[in-house]
Protein chains: 12
Amino acid sequence: MSTGKTQIVHILGGPNLGRLGSRKPEIYGFTTWAEVSELCQGWAADLDLELVFDQTDGEGELVRMIHRAGDGAAGLILNAAAYTHTSVAVRDAVEAVSIPVIELHLTNPDAREPFRRQNLLADVVTAGIRGFGVQGYLMALEGLASMLTPAED
Amino acid sequence: MSTGKTQIVHILGGPNLGRLGSRKPEIYGFTTWAEVSELCQGWAADLDLELVFDQTDGEGELVRMIHRAGDGAAGLILNAAAYTHTSVAVRDAVEAVSIPVIELHLTNPDAREPFRRQNLLADVVTAGIRGFGVQGYLMALEGLASMLTPAED
Amino acid sequence: MSTGKTQIVHILGGPNLGRLGSRKPEIYGFTTWAEVSELCQGWAADLDLELVFDQTDGEGELVRMIHRAGDGAAGLILNAAAYTHTSVAVRDAVEAVSIPVIELHLTNPDAREPFRRQNLLADVVTAGIRGFGVQGYLMALEGLASMLTPAED
Amino acid sequence: MSTGKTQIVHILGGPNLGRLGSRKPEIYGFTTWAEVSELCQGWAADLDLELVFDQTDGEGELVRMIHRAGDGAAGLILNAAAYTHTSVAVRDAVEAVSIPVIELHLTNPDAREPFRRQNLLADVVTAGIRGFGVQGYLMALEGLASMLTPAED
Amino acid sequence: MSTGKTQIVHILGGPNLGRLGSRKPEIYGFTTWAEVSELCQGWAADLDLELVFDQTDGEGELVRMIHRAGDGAAGLILNAAAYTHTSVAVRDAVEAVSIPVIELHLTNPDAREPFRRQNLLADVVTAGIRGFGVQGYLMALEGLASMLTPAED
Amino acid sequence: MSTGKTQIVHILGGPNLGRLGSRKPEIYGFTTWAEVSELCQGWAADLDLELVFDQTDGEGELVRMIHRAGDGAAGLILNAAAYTHTSVAVRDAVEAVSIPVIELHLTNPDAREPFRRQNLLADVVTAGIRGFGVQGYLMALEGLASMLTPAED
Amino acid sequence: MSTGKTQIVHILGGPNLGRLGSRKPEIYGFTTWAEVSELCQGWAADLDLELVFDQTDGEGELVRMIHRAGDGAAGLILNAAAYTHTSVAVRDAVEAVSIPVIELHLTNPDAREPFRRQNLLADVVTAGIRGFGVQGYLMALEGLASMLTPAED
Amino acid sequence: MSTGKTQIVHILGGPNLGRLGSRKPEIYGFTTWAEVSELCQGWAADLDLELVFDQTDGEGELVRMIHRAGDGAAGLILNAAAYTHTSVAVRDAVEAVSIPVIELHLTNPDAREPFRRQNLLADVVTAGIRGFGVQGYLMALEGLASMLTPAED
Amino acid sequence: MSTGKTQIVHILGGPNLGRLGSRKPEIYGFTTWAEVSELCQGWAADLDLELVFDQTDGEGELVRMIHRAGDGAAGLILNAAAYTHTSVAVRDAVEAVSIPVIELHLTNPDAREPFRRQNLLADVVTAGIRGFGVQGYLMALEGLASMLTPAED
Amino acid sequence: MSTGKTQIVHILGGPNLGRLGSRKPEIYGFTTWAEVSELCQGWAADLDLELVFDQTDGEGELVRMIHRAGDGAAGLILNAAAYTHTSVAVRDAVEAVSIPVIELHLTNPDAREPFRRQNLLADVVTAGIRGFGVQGYLMALEGLASMLTPAED
Amino acid sequence: MSTGKTQIVHILGGPNLGRLGSRKPEIYGFTTWAEVSELCQGWAADLDLELVFDQTDGEGELVRMIHRAGDGAAGLILNAAAYTHTSVAVRDAVEAVSIPVIELHLTNPDAREPFRRQNLLADVVTAGIRGFGVQGYLMALEGLASMLTPAED
Amino acid sequence: MSTGKTQIVHILGGPNLGRLGSRKPEIYGFTTWAEVSELCQGWAADLDLELVFDQTDGEGELVRMIHRAGDGAAGLILNAAAYTHTSVAVRDAVEAVSIPVIELHLTNPDAREPFRRQNLLADVVTAGIRGFGVQGYLMALEGLASMLTPAED
C-alpha cells in the first residue's frame, strides 16, 4: 500500500496533547506524545509519506498550523482535542484548506461528558477515526494514503 | 499484522444498506453491497479472520444478529445506518455483548441532516470510523485485528 | 382524467392500520382496511392504474416494501402511520426511490398529541394529503395520476 | 361528483400570493394568480359550486375575509402563506368559523426553511393538501365538495 | 370615585373581537362587542370619563390607534387579543406612549393553548386584568380612574 | 354593588408579604401588610362581605389555608407571591377547591426577572389582577362580589 | 384473591429481554427469561388466570402481539423494554386495545441514562410497576387480578 | 408471604393527600385518607408489619418524617404528591436514608399535566407503583415485605 | 461617487417609525421622520439617485411597498422595525424581489431585548447597517450606490 | 483581623443539614451539625463576632429566619441546601434584607447532579464560598468580618 | 467629510482573515488582506485619519490588540471573524475600552451556518456593518469619522 | 495557620485581568493587577507559602501555565476570567493536574450576563470563592493552606 511517490502529510495535535502519557493515563494510555511522534514517523516512512508532526496548546497557533498544512501538504490528520468542541476559528481554517482532513480522537469523546458531543469540525472534515488509541494514527495514515493514491497504482 | 489464530468477526449492516450502489450513488458510491461483502471476505482472509457478513432492514432482526455476534464472535463491525439515530433496542443489544464493537459509516453523518447528529450508539461502542467509504471496512478489520492480537504476537 | 396507459401505483400502510375500523373509530372511522383496499382498487381501475395495496406493522418490512415500489411502480401513496414520527429508516427508503411519493394521513396528526408534530417524512415526500379520511385515498390517486400524465394527454 | 345544489365556497390567499408566477417561479411555477382564479372558477362550476376567490397581503384583512366566509360560505380553502407560520389572529378567525376549512400550500413548506415548520393553523383546520401545485386547488375543491355532499346524494 | 374633571380614556380591541358574542360563546360569552361598547360608555360616564371605544383586526391599524391614544388620552385599556402573543409592533407602540396602559383579557389566556402563554405586552403595560369577562372593563375603568385621580381628590 | 347577604371571602398572602412596606418599597410601596388588612376590612364591609385575612411564609401552611377557604368561604383572593412560580402543592390546593379564586399581584411579575414568567397558578385560577398595587385588593373584592351576586340582585 | 373464573392474561416482553440472565446481570439479575416464564405460569395458576407469555425483539411483532392480546385477553402486562422510549407504533397499539395494560420494568429506568426518561407509553397505560425485579411480575398479576375481579367476589 | 418477625414500615403522604375523597374524586376516587390508613393498618397486620402512617402538607415536615423513617423503619412507602415534582429537599432526604423507599402514586402522573412529568424522586427511590389507586398500597406493602424477607424464609 | 445615470432607490420604514423624534428620544434621537426624509432626499440627489421614501405601520402594506420597489427600483433600503423580528410575510416579499436590499436599523437591536435577536430578514438581505442613527441612511445610500455602479464608472 | 466592636452574624442552614455527619459522609464528611455549631461559635468569638446559629428543614421557616437576620444582624452566612435550587421565596427573602449575605456550600454543587446547577440565590447574594467543607465557615466568617470592618480599623 | 484634526483609528482582523483572497473566494472575494490594508490606508488618509491596521489568528493576541486600541485610538473597526461567535474574552476586551467600536463583517454571517447566528459582540459594540465586502471598510471609516467629528465641524 | 514548611502555590489570571483597575472599576474596583500581585506576595509570605503569580490573555498560554503549576506546585488559585465560560482546553488542563485548584472570581459572575452562568470549570475544581474582591485572594490562600496542612499541624 505505497503511494508511489513521496507526499507530505501533517499530523497536528491540539491543547493538552503534549501531556499525553501523564494526563489521565487510565483514559488516554501511557504512551507519551514523543513516542506517538516516533511511531508515526516510522509508519509514515513505511507508507512512503513525508511527515510533519506538530502540537500546540494555542487556538490561533493551531489555525496557523492548519494554514501551513493547506499550503504544502497533501493531507492532514487533525486531533484538535478541546478545540473540537469550541473553536469556530479552527473550523474556518479546516474549511479554508482544500486537502483531505482526517479527524482523529484517541478515545471516544461521545462516551465522555455531554459537552464533548458538540463537535464543530465533524461536518467539515473528510473522515473520522475515534477510540482506537495510538493505533488510530496508523489507521489514519493508511486511510489517507489510500485517498491520495490512484486506485490503479 | 496477522492475528496468529483464526478468530470470527461479524460485519452487520442496517436498513437500506442492501440497496448500496443504487441508492444515492453521488453520496454512497457505486459499489454494491454484494461487492462490499466480497471485498471484506478477501480482506478478512488476508488477516486470518473468519468473517460472518450480514444485513437486515429490521430493527428486531438487527438486535438478534448482534446477540448472535455476542455469542460466537471475537469482534463486531456495525453499520447500523438509520437505526444509529433512533434505536435504543440496538443500543441495548450492543451494550449486552462483551466483545469490541466498531461503529462504521460509509459517509460522514455529521455532514448531513441535523437529525443524523443524534447518535444512540456512539457512547457504547469501542471505536468508530466514518467517511472513508468502502475502504473503511478494511481499516475497521485491521483495527479490530490489532485489538484482538496481543502486542507481542 | 385518464393516464392513457396503465401504470403501477403502490399504496402502503404502516403499523396498526390493519386494525382500521376497530381502533378508535371515533377518530379513524368505521371503514376497515379491507374495505379501503377494495375502494382503492375500484378508484384505481377508474383511473387506469394498476394497484398494489399492502400493509405491515414492521419498520424493516415497510422499508422493503418501499424498495419494491421504487423498483417497479410509477408512484407511491404512503401512510406510514406511527413510523412517520420516529423512523429514519423509512425516510431513507423514501429518499432512495426516484418516483413521486404522496404522504397520506386519514386524520390530521397536528391536531393530536404534540409528538405527532415531529414528522421525519414531510420534507422528503413530493406532496401530502391529511384529514380527508378514506376519501383522501381517492384524492391521492387522482393527484398522482395527474402527476404521471403529460398535460396534453 | 356533483353537490346536487349550488353551495358557496371561498378560496382565500395570503401575502405575496398575488405575485405568483413572477416570484421564485422555480419553486412556485409560472402560473399567475389570475390564471389560478380562472382555473378554479372553471373547476368550481364543474362541481356546481359558487366560488368567491380573493387575496390580500394584510393580516387584518385576511381575518376579515375569513369572517365573511364564515358568514356566508359552506366551506373555505385557505392558503394563508406566510401567516400560516406567524398569525394567531388568523388562527383565531379560523377557529371562530363553523364551516370546514382546507389548508392548502402550493409547495411543501416542510421541505423549506426550518421556521416554516411552525404552523399555527394545522391543528385547527379540517384537512390539508400540500405540494400538488395549482392542481391542489382542484383536489381541495373536490375534497370539499365530497364533505358537503351527503354520501347517498 | 369621581376623577373630578373629565379625562379621556381609550378602550381598544384587537383582531376578532368584533365577532364577540358569536365566536365561541361558551368561552367568550354572549355579549356582543356593540353591547360592550354601550356598557363601557355608561360606566365611563359614571366615572366622569370621556370614552373613545374602537376595534380593528389589523396590526398596523392597532399601532396607529395606540399612537392616537398616546397623543390625546389620559389612559388606555387595551385588549390586543391575538396580537398580545405575536406583535412586537404593538409592543413598541405601547412602549412609545407615556400614559398608563391596562392590559385586559375577557378570559384567562394562560388556561388555554400553550402559545398564548407567550405575551409580548405583559412586561411593558402598567397593570393587567384577566378572566372577569365584560365585568373586567368596569374594573379596568375604575382602576384607571383611581390612577388618574390624586388620592386627596 | 352589594351582595345582598353576607358571604365570607378569604384573602391569603404568601411568603415575604408580611414584610410589605419595608421590603423593596421602591417596588412594592410603603403601605404595610397590617395597613392592607385594615383597608381590606373596610372595603369588604362596604360590600357586605365578611373577610378572613391571613398570611404565611410556609408552603404547607398556605396549602392548609386554601383548604380552609375551600371549606367555608364563597371566594378566595390569593397572592401566593413566590409560590406562584414554584409550588405544585399550592396549585393542587387551588384546583381542589370549588370556589372562585382571584390571583392578585401588587406589581406586574412579568416586568421583573424571567423566572417570574413561570406561573403555576395562572391556568387554574378564575381570574387575575396585577400591577394595581394595594388598589388591586379593592378591585378584586368588587370583582369577586359581582361574581357572587346574581345579576338581577 | 381469586378471580372466580379463569380469565386470560398476556405477559409480553420487548427487545433484548430474551437475553435476561446473561445481559448485564449486575443490573437485571441472574434469573433467565425462561425462568421468569415458569415463575409467572405458577403465579398465574395460583390466581386462577390463564397465561400467555411471549417475547420479541421486533417492533412490528410486538405491535401484532398487543393486537392479539386486545382480541382475546382480559388484561396485559407489558415490558416493552427499549421500545418504551422510542416507539409510537407500540403506543398506538396500546391505545387501540380496550383492556387494562400494566407497564412493567425490572429496574427503575429513571435511575439510568437520560434518554430512558422519555417514555411514550406512560400516559396511555393503566398503571405501572418498576424496580421490583422479577417480583414485579407477581405484583402486576395480583394488581391486574384485583382490577378484573368485582370487589364483592 | 409473612416477614417472619415484625418490622416497622412507614407510609408517608405529601400535600393535599389529607383531602383525599373530597378533592377531584373523579380522578382520585372516593376513599378518604382516614380509610386508606385503616386499610393499610389491616394489610400491614396481615403481613406481620408494624405500620407508622402519616401525612403532611409541609415540605420541611415531610423531610423530617423521612428522617424519622430512616432512623427507625425497615422500609418506606412514600407518596410525596406535589413535592415529587418540585422538591430537591425531599429528594435529598430520600437519598440520606439507607432503607428501601417505594414511590407510590394513586393515579398515573404521566397521564396528566406536562409539569408532572418532571420527577425529582424517580431516580433515587428503590422502586415505584403508580395508577393502581388505593390497591397500590397493598401491592407496595407486599413488595416491600418481599424485599425485607430473606428468600428462604 | 456618482452613479453616472439616475437610478431609483426606495427607502421604506416599518411600524412606529412615523413617531421618530417623539418615541423614546433617549434611544432613537430627536430627529423626526420628516427630517430624515428631507436629509435622504438631499443625500440621494448628491448621489444622482431618485428617491422614493415611504413608511407604514401595516405588515400587508409593507409587503405591497416592497413589491412596488421590486417592480421599479434599482435598490431598496429597508428599516422594517418590529416586523424584522416577527414577519415571514415581509421576508417572503424581500426574497421575491431581485434587487439589492440593505437592512438598516437606527439603533443596535442586539443591544436591546432578547426577542429582538430573532431576525427573520438578516439571512435574505444583501447587507446590513445598524447603530449609526440617521447617519446610517447616508451610509446605506452610498453603499447601495457603489453596488449599482460598475467599478470602472 | 478584629472587627473592633461586637457585631451580630447569623449562620443559617437549610433542609437536611441537621443530619450532617450521618447523611452521605463520603460526600459531606463526618462532622455533625452540632460540631459545626461549636466550631463556628469559637471562630466567631476569635473574630469578636456574636453568632446566631440555626437550622431548619422548612422553606417558610427559613424565610422567617432570614427576615430576623435582616432585622438584627450585620451579616448572614447562608447554606440554603436544597432550597438553593428551588426556592424563589428564599431568594425574595435574601433580596429583602440589606445586609451582606454569603452563600456557602460544604461541597461543590456543580460537581453533582445537573439540577443542582440551577441556583436561584447566586445572583442576589454578595459573595460565595463552596467546596471547602467545614473550613468554609471559618473563611466565610473572616470574609464577612473584613466586609464589616472599615479598612483603617 | 474631514475630521479637522488627525485622529488614530485601529482596524483589527481576527482568525483566518490573513488568508483573504485564497480562502473560499466565492464567498469572500479575491481581494487579499494586504490589498484591503492598502485600500484602507488610502481611505483613511482621505478622511485625515491615522490608521493602525493589524490582524491575528490568536484570541489572546486579539484581546491585547483591543487593549492597545483602547489606550491610544479614537475608534476601532473590528472584524473578529470566528471569535465573534465564541469569545467572551474578546467581548470583555471590547467592553473594557471606552472608544466607539464598529463591528464589521465582509459577508452576512446570518446567511451562513446556524452557529454564526450566536454573536457575543453585537450587544456591546456601538454599531455594525455587514455584507458590503471590502467596501464596508470605507463605509465604517466614514461612519466612524462622522462619530468623531462634531456636527458643526 | 502556618503550613510548617514552604510549599509552592500558583496564582493564575486569565484574559483582561491585566487591565484590572482601569477596566470597569465600578464593577472590579480600583486596585490594579500589580497591586494584587504585591498583596498576594505578602499574604503568601505570612502563610509560609512560596508564590508564583502570573497572568495571560491567551487560552493556550493559560493551558501551559496550568501544566507548569501541575508539575511543581502544591496548589493552584485560578481566575480564568472569560475562559471560565468558553474553554474546554482550560478545563482539560485543570482535570489533568492532581493538585487542589481553587476557582476565584473578584465579582459574582452569576449576577451579571446570562452567558456567564455557563461555567466549564466549576465541576472540576476543588473549591470556589466569588464576590469578595481582592480580599478573596487572601481567603483562597488561607483555604488552600489549610488543605495542604495536616490537621494536627
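Residues numbered from 1 in each chain as written. Chains lettered and ligands numbered in written order. Predicted model: local features only at pLDDT ≥ 70, side-chain atom pairs only at ≥ 80, totals over all residues. Heavy atoms only, no water.

Student: So what's going on with the overall build of chain A? Which residues, and what values?
Tutor: When helices and strands are counted, chain A shows six helices and five strands. Order of helices (α) and strands (β) in chain A, N terminus to C terminus: β-α-α-β-α-β-α-α-β-β-α. The globule rule puts the C-alpha radius of gyration for 153 residues at 15 Å, and the 15 Å found for chain A is close to it. Counting only C-alpha atoms and orienting by the principal axes, one finds that chain A spans roughly 45 × 30 × 25 Å. Buried positions account for 65% of the 153 residues belonging to chain A. Accessible area for chain A stands at about 5200 Å²; split by element, carbon and sulfur atoms hold 49% of it. (Helix = DSSP H or I, 4+ residues; strand = E, 2+ residues; numbered from the N terminus. Rg over C-alpha atoms; globule rule 2.2 N^0.38 Å. Buried < 20%, exposed > 50% of the residue type's maximum accessible area, 1.4 Å probe, protein only. Areas by Shrake-Rupley, 256 points an atom, 1.4 Å probe, with all protein chains shown as cover.)

Student: I'd like to hear about the pattern of salt bridges, residue by residue, with values.
Tutor: Counted by the stated rule, this structure contains 144 salt bridges over all chains. Across the pair Asp-71 of chain C and Arg-19 of chain B runs a salt bridge whose closest N-O atoms are separated by 2.6 Å. One end of the pair, Asp-71 of chain C, is in helix H3 (residues 59–72); the other, Arg-19 of chain B, is in the loop between strand S1 (7–13) and helix H1 (25–28), on a second chain. For Asp-71 of chain C, a relative accessible area of 55% puts it in the exposed group. For Arg-116 of chain D, the salt bridge is made with Glu-113 of chain D, and the minimal N-O distance between the two is 2.6 Å. On the accessibility criterion, Glu-113 of chain D (16% relative accessible area) is buried. Overlapping salt bridges, with partners in common, bring together Arg-91, Asp-92, Glu-95 and Asp-123 of chain A, Asp-110, Arg-117 and Arg-130 of chain B together with Glu-113 and Arg-116 of chain K in one network. (Salt bridge = Lys/Arg side-chain N within 4 Å of Asp/Glu carboxyl O.)

Student: Which residues make up the packing of helix H2 (residues 33–46) of chain K against helix H6 (residues 135–148) of chain K, and what values go with them?
Tutor: Residues and elements named next belong to chain K. For the pair H2 and H6, interaxial distance at closest approach is 10 Å and the crossing angle is 30°. As the angle between them shows, H2 and H6 are arranged roughly parallel. Helix-helix and strand crossings are classified by hand; for H2 and H6 the assignment is right-handed. Taking contact as the criterion, the partners of Trp-33, Val-36, Cys-40, Trp-43 and Ala-44 in H2 are, on H6, Tyr-137, Leu-138 and Leu-141. (Axes fitted to C-alpha atoms, helices over the stretch in contact; angles between N-to-C directions. Parallel < 35°, antiparallel > 145°, perpendicular 65-115°, else oblique. Left-handed = near helix turned anticlockwise from the far one by under 90°. Contact = heavy atoms within 4.5 Å.)

Student: I'd love a proper account of helix H5 (residues 88–96) of chain E, names of residues and values included.
Tutor: Burial of H5 of chain E is extensive: seven of the nine residues sit out of reach of the surface. Those residues of H5 of chain E lying buried are Val-88, Ala-89, Val-90, Arg-91, Asp-92, Ala-93 and Val-94 of chain E. On its buried face, H5 of chain E is in contact with helix H3 (59–72), strand S3 (75–79), helix H4 (83–86) and strand S4 (101–105) of chain E together with helix H4 (83–86) of chain I. For H5 of chain E, the capping residue at the N-terminal end is Ser-87 of chain E, with a side-chain oxygen 3.3 Å from the backbone nitrogen of Ala-89 of chain E. (Polar contact = N/O pair within 3.5 Å; in protein donor to acceptor, adjacent residues only side chain to side chain.)

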